[in-house]
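Descriptive structure summary
Here are the chains, one letter per residue:
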Amino acid sequence: NWDVYYQYGRNKRHQSARYSRVNTEFQYGLDAVVDPVTNEIVCRELLEADPDPRAQGCVPMNLFGLDNLSQAAIDYAYRPVVEDFLYTQHVAAASISGTLFDGFGAGPIGAATGVEYRKEKGDVTHGDIPNYTDYAFTFGLDYGGSIEVLETFGEVNVPLLADRPFFETLEVNGAVRWTRNKASDAFTAEEKTSEAVSYKLSGIWEIGGGVRLRGSRSRDIRAGGFRELFQRQVPTEEGSSQGIVDNPNIAGVGNDDPTPILNGGSFALTPEKADTTTAGIVFRPSFIPGLRMSIDWYQIAIEDAVSRLGGQQIVDFCEDFDIFCDRITFVSPTNISFIDARQVNLGSMTVRGVDFEFDYTLRMSDLSPDWGGALNLRVLANHQYDFKVQANPTTPVIDYAGQTGPVSSGGNFNPAPSWIVNAFLSYDSGPFNATVSMRRISSGIYNVERVGPEDEGYDPNLRNSINTNRVKGATYFGLAMSYAIPVGNSDNSIEVFGAIDNLFDKKPPIAPGGGGLGGSNYPTNPVYFDTFGARFRTGVRVKF
């Protein structure tokens, strides 16, 4: 069998906001004082001997209470913004698959091989917005480039044994892929090419009695994506809310050091590599029809993980472990003049856990011949017990397992709570279907690098002590229903459906900083906890 295809995609997006916060103006508007001469409330910056020109026209902002924020203050601290995004993609691929020969009596040996070419090009512009990062949500950051990928692959499946005692089926599968990735920056004209080989080896052993063993080992690679490579930013303004770090070389409590910080993509990124190992067992007992259970253990070890570090994290790593110091420019030990906080390759990360699945279908006619339809219960659970990050071989390993708060020094990864459980109970009678869903996120640790009253060795005099180091768990329920109305004598139908998410309007637990670097975007972790509340959707599907 052979297959050849080509596809072209084009995505064009325009988004705009009437009011987008300009961080420096916003800070000036918040810093309001009483003018000693006029006795009026004014922006403090306007009382300086040489005020920042951007403070001209500053209007004090009152964020407390209702209707206390004047339109003049809004017009000063918030500006209209636009973003235009154009992305095109070309993909061409060819593959051939079939049987090599009849094998060893357990079944034919199959193989596949092919080649794929892909080219992606993107361009992001923002009209006449000034080219600095002071706009919230990174408006004003023009960037663009292209990524060209050429791949070739081969795969073979070999049945070894079949229909023998303790060996109903035994087969192995192997695959290998060669990849060449070429990236070009549209603004700097830089180009870089990387090559990598990935592979996978897996096996299945059907012992008998409904018991199956399975396992796999793979080497996976991922090169930097569009934003990770090309996103362009200029340094934050020195002394702005984003342009200050704590300099450990400055004595005393007030060790703030105003400095420009450069964020964004980095063309120096190398592909990250992951070695994944899995082992599991599947049980489908013949004496309980409709039941399927499985347990799978996994380990994912990543090297050169693509991540981002904040300016403060760069400073801390340099001070504590003497790494990333080349990203800091000093005028003197007590005066940092510049920090390069663009995307980096971290040393290593290892994740281990166990996946559980339970699936049972009960035909209602088995309970009573007059009953129709079927009842299905499916439960998926994940227990993650290791999430170890090592920024550099010279630094200690930090295990973030069970943490549902922000990762302060490990990068922009999101470790999972100890347990995540998803359950679905469905009734299906043909035209009618109803499903109740449940999602449970277990309680977790706020920050494994902090010490709270719940932890051993807690002392409120320690610098890393906090008043609590736990994040509460949460349970969410949902409900979905649908009914298909047949039309005529064919397969045509009109289906009415509806669903409610977060049925009981469960509020998220407090876990500050879950939304991004610096710990300021959200008062919870939006990766795991619902931030919208109860919501519903309904509609009609027509099939003809």
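Before going into details, it helps to say that this report is about the structure given with it. (Residues numbered from 1 in each chain as written. Predicted model: local features only at pLDDT ≥ 70, side-chain atom pairs only at ≥ 80, totals over all residues. Heavy atoms only, no water.)

It is worth spelling out the sheet that holds strand 16 (residues 335-340) at this point. Taken together, the three strands give an open sheet; going across it, the order is 12-16-15, and neighbouring strands pair in mixed fashion. The open sheet has two edge strands with one neighbour each: strand 12 (261-262) and strand 15 (328-332). Along the sheet, helix 4 (residues 311-321) contacts strand 12, strand 15 and strand 16; its crossing angle with strand 16, the most-contacted strand, is approximately 110°. (Pairing = 2+ DSSP bridges. Helix = DSSP H or I, 4+ residues; strand = E, 2+ residues; numbered from the N terminus. Contact = heavy atoms within 4.5 Å. Axes fitted to C-alpha atoms, helices over the stretch in contact; angles between N-to-C directions.)

In this section: helix 4. Here helix 4 has its buried residues at Gly 311, Gln 313, Ile 314, Val 315, Phe 317 and Cys 318. Buried residues along helix 4 sit against strand 10 (244-246), strand 12, strand 15 and strand 16. (Buried < 20%, exposed > 50% of the residue type's maximum accessible area, 1.4 Å probe, protein only.)

Our focus in this paragraph is the pattern of salt bridges. Should their charged atoms come close, side chains of opposite charge can pair. Summed over the entire model, instances satisfying the criterion amount to 25 salt bridges. Residues Glu 25 and Arg 79 are paired through a salt bridge, measuring 3.9 Å at the closest nitrogen-oxygen approach. Residue Glu 25 is found in helix 1 (residues 23-30), and its partner Arg 79 is found in strand 4 (residues 78-101); the two are separated by 54 residues along the sequence. Its relative accessible area of 5% is what places Glu 25 among the buried residues. (Salt bridge = Lys/Arg side-chain N within 4 Å of Asp/Glu carboxyl O.)

Core analysis: the biggest nonpolar cluster contains 27 residues, and Leu 309, Ile 314, Phe 324, Ile 339, Leu 346, Met 349 and Phe 387 have the highest contact counts within it. Breaking this core down by element, the ones donating at least two residues are strand 14 (291-307), helix 4, strand 16, strand 17 (344-363) and strand 18 (374-390). Judged by nonpolar contacts, the second largest core, of 13 residues, contains Phe 85, Ile 147, Val 149 and Phe 230. (Core = buried A, V, L, I, M, F, W, Y, C linked by side-chain atoms within 4.5 Å.)

This part covers the side chain of Glu 120. Within the element layout of this structure, Glu 120 appears in strand 5 (residues 109-125). Only 3.1 Å separates the side chain of Glu 120 from the side chain of Arg 118, close enough to count as a polar contact. If near-sequence neighbours (up to four positions away) are discounted, Glu 120 is found in contact with Tyr 87, Thr 88, Gln 89, Gly 145, Ser 146 and Ile 147. (Polar contact = N/O pair within 3.5 Å; in protein donor to acceptor, adjacent residues only side chain to side chain.)

In the case of a regular strand, side chains alternate between the two sheet surfaces. Pairing of strand 12 with strand 16 involves two bridges; the strand directions are parallel. For Leu 262, the partnering residue across the bridge sits in strand 16 and is Asp 340. In the sheet, strand 15 pairs with strand 16 via four bridges, with the strands oriented antiparallel. Bridging across to strand 16, Thr 329 finds its partner in Phe 338. Once strand 15 ends, the chain turns through two residues before running back antiparallel as strand 16.

Overall, the coordinates contain 13 aromatic pairs when judged by the stated rule. Each ring, one from Phe 85 and one from Tyr 87, has its centre 5.9 Å from the other, and the planes form 10°; the classification is stacked. Residue Phe 85 is classed as buried on the basis of its relative accessible area, which comes to 15%. Seen from their ring centres, Tyr 87 and Phe 226 are 5.9 Å apart, and the 85° between their planes marks the pair as edge-to-face. Here Phe 226 lies in helix 3 (residues 226-230) and Tyr 87 lies in strand 4, a separation of 139 residues in the sequence. Taken together, the ring pairs in this structure connect Phe 85, Tyr 87, Tyr 143, Phe 226, Phe 230 and Phe 267 into an aromatic cluster. One residue, Lys 192, lies across the ring of Phe 267, its end atom 5.9 Å from the ring centre. The cationic tip of Arg 541 hangs over the ring face of Phe 497; the distance from NZ or CZ to the ring centre is 3.9 Å. (Phe/Tyr/Trp six-rings, centres within 6.5 Å; stacked < 30°, edge-to-face > 60°. Lys NZ or Arg CZ within 6 Å of the ring centre and 35° of its normal.)

What follows covers a negative patch on the surface. A surface patch of like charges, here negative, comprises Asp 246, Asp 256, Asp 316, Glu 319 and Asp 320. No other element matches helix 4, which puts three residues into the negative patch. For Asp 320, the location among the structural elements is in helix 4. (Patch = residues over 30% accessible without salt bridge, like charges linked within 9 Å, V, L, I, M, F, W, Y side chains within 5 Å. Areas by Shrake-Rupley, 256 points an atom, 1.4 Å probe, with all protein chains shown as cover. Lys, Arg positive; Asp, Glu negative; His and termini not counted. Charge placed at Lys NZ, Arg CZ, Asp CG, Glu CD.)

Tracing the backbone through its elements, the reader meets Cys 43 in strand 3 (residues 41-43). You can call Cys 43 buried: its relative accessible area is 0%. Each C-alpha atom, one on Cys 43 and one on Thr 259, is 23 Å from the other, the two residues being 216 residues apart in sequence.

With that out of the way, let us pick up helix 1. The buried fraction of helix 1 amounts to six of the eight residues, a majority that puts the element mostly inside the structure. Three or more residues of helix 1 are buried, namely Asn 23, Thr 24, Glu 25, Phe 26, Tyr 28 and Gly 29. Close packing links the buried residues of helix 1 with strand 1 (2-21), strand 2 (32-34), strand 3, helix 2 (71-77) and strand 4.

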